Amino acid sequence: MMMHKVDTGVIESCRQGDREALRVIFEAYKDKVYSLALCYLNGDVAAAKDLTQEVFIKLITRLEQFRGDAEFTTWLYRVVANACLDEHRKRRRWF
């Protein structure tokens, strides 16, 4: 599998609606996002897959919030962590 480099150009292209740039970001980070979600959700595979999809939807809708002050991976990690915390809160309400 070829690993794609995600640089500011790719991020900017994605902000402008370039689907290929979004695919590059997805391919570069999907496995990392999934493993973080799987860890946060205590091995719940189905929930981790759902959360991975949610994270990339949030990425599309919130990419303009990425200011570039930090690494993109740091920002993406926060999006994943916040999504996992939201999931924990949802689950807590049901129990």
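These numbers were taken from a predicted model, which means no experiment stands behind them. (Residues numbered from 1 in each chain as written. Predicted model: local features only at pLDDT ≥ 70, side-chain atom pairs only at ≥ 80, totals over all residues. Heavy atoms only, no water.)

**Observations concerning the overall build of the protein chain**
Thinking step 1. Assigned secondary structure in the protein chain consists of four helices and zero strands.
Thinking step 2. Compactness check: the protein chain gives a C-alpha radius of gyration of 14 Å against a globular reference of 12 Å for 95 residues, within 12% of the reference.
Thinking step 3. Judged by the C-alpha coordinates and their principal axes, the protein chain covers about 45 × 30 × 20 Å.
Thinking step 4. Counting all 95 residues of the protein chain, 34% fall into the buried class.
Thinking step 5. Accessible surface, the protein chain: about 6,500 Å² in total, of which carbon and sulfur atoms supply 54%.
Thinking step 6. Side chains of the protein chain give 16 positive and 14 negative charges; the mean places of these two sets differ by 6 Å. (Helix = DSSP H or I, 4+ residues; strand = E, 2+ residues; numbered from the N terminus. Rg over C-alpha atoms; globule rule 2.2 N^0.38 Å. Buried < 20%, exposed > 50% of the residue type's maximum accessible area, 1.4 Å probe, protein only. Areas by Shrake-Rupley, 256 points an atom, 1.4 Å probe, with all protein chains shown as cover. Lys, Arg positive; Asp, Glu negative; His and termini not counted. Charge placed at Lys NZ, Arg CZ, Asp CG, Glu CD.)

**Brief notes about the nonpolar core**
Most often, soluble globular proteins keep nonpolar side chains buried together rather than apart.
Thinking step 1. Core analysis: the largest hydrophobic core is formed by 28 residues, its most contacted members being V6, I25, Y29, V55 and F72.
Thinking step 2. Secondary structure elements with two or more residues in this core: α1 (8-15), α2 (19-40), α3 (45-62) and α4 (72-94).
Thinking step 3. With eight residues, α2 is the single largest residue contributor to this core.
Thinking step 4. Apart from the residues within four sequence positions on either side, I25 is in contact with V6, V10, I11, C14, F56, L59 and F72. (Core = buried A, V, L, I, M, F, W, Y, C linked by side-chain atoms within 4.5 Å. Contact = heavy atoms within 4.5 Å.)

**Quick look at the state of the cysteines**
Thinking step 1. Counted according to the given criterion, the structure contains zero disulfides.
Thinking step 2. Residue C84 stays outside any disulfide, its sulfur separated by 8.8 Å from that of C39, the closest cysteine. (Disulfide = S-S within 2.5 Å.)

**Points about the confidence of the model for the protein chain**
Thinking step 1. Here the protein chain averages 88 in pLDDT, while 92% of its residues score no lower than 70.
Thinking step 2. Ranking the helices and strands of the protein chain by mean pLDDT puts α2 first, with 94, and α4 last, with 88. (pLDDT = per-residue confidence, 0-100.)

**Let's talk about the packing of α1 against α2**
Thinking step 1. At their nearest, the axes of α1 and α2 sit 7 Å apart, and the two run at 125° to each other. Judged by the angle between their axes, α1 and α2 are oblique. As for how α1 packs across α2, the hand of that crossing is left-handed. For the pair α1 and α2, contact is made by V10, I11, S13 and C14 and by A21, L22, V24 and I25, respectively.
Thinking step 2. Classifying every residue of the contact of α1 with α2 by side-chain character gives seven nonpolar, one polar and no charged. (Axes fitted to C-alpha atoms, helices over the stretch in contact; angles between N-to-C directions. Parallel < 35°, antiparallel > 145°, perpendicular 65-115°, else oblique. Left-handed = near helix turned anticlockwise from the far one by under 90°. Nonpolar A, V, L, I, M, F, W, Y, C, P; charged D, E, K, R; others polar.)

**Observations regarding the packing of α2 against α3**
Thinking step 1. Following both chains from N to C, one finds α2 and α3 inclined at 140°, their axes separated by 9 Å at the closest point. With respect to each other, α2 and α3 are oriented oblique. Seen from above, α2 lies across α3 with right-handed handedness. Across the interface between the two elements, L22, I25, F26, Y29, K30, V33, Y34, A37 and L38 of α2 pack against V45, A48, K49, L51, T52, V55, F56, L59 and I60 of α3.
Thinking step 2. Broken down by class, the residue content of the contact of α2 with α3 amounts to 15 nonpolar, one polar and two charged.

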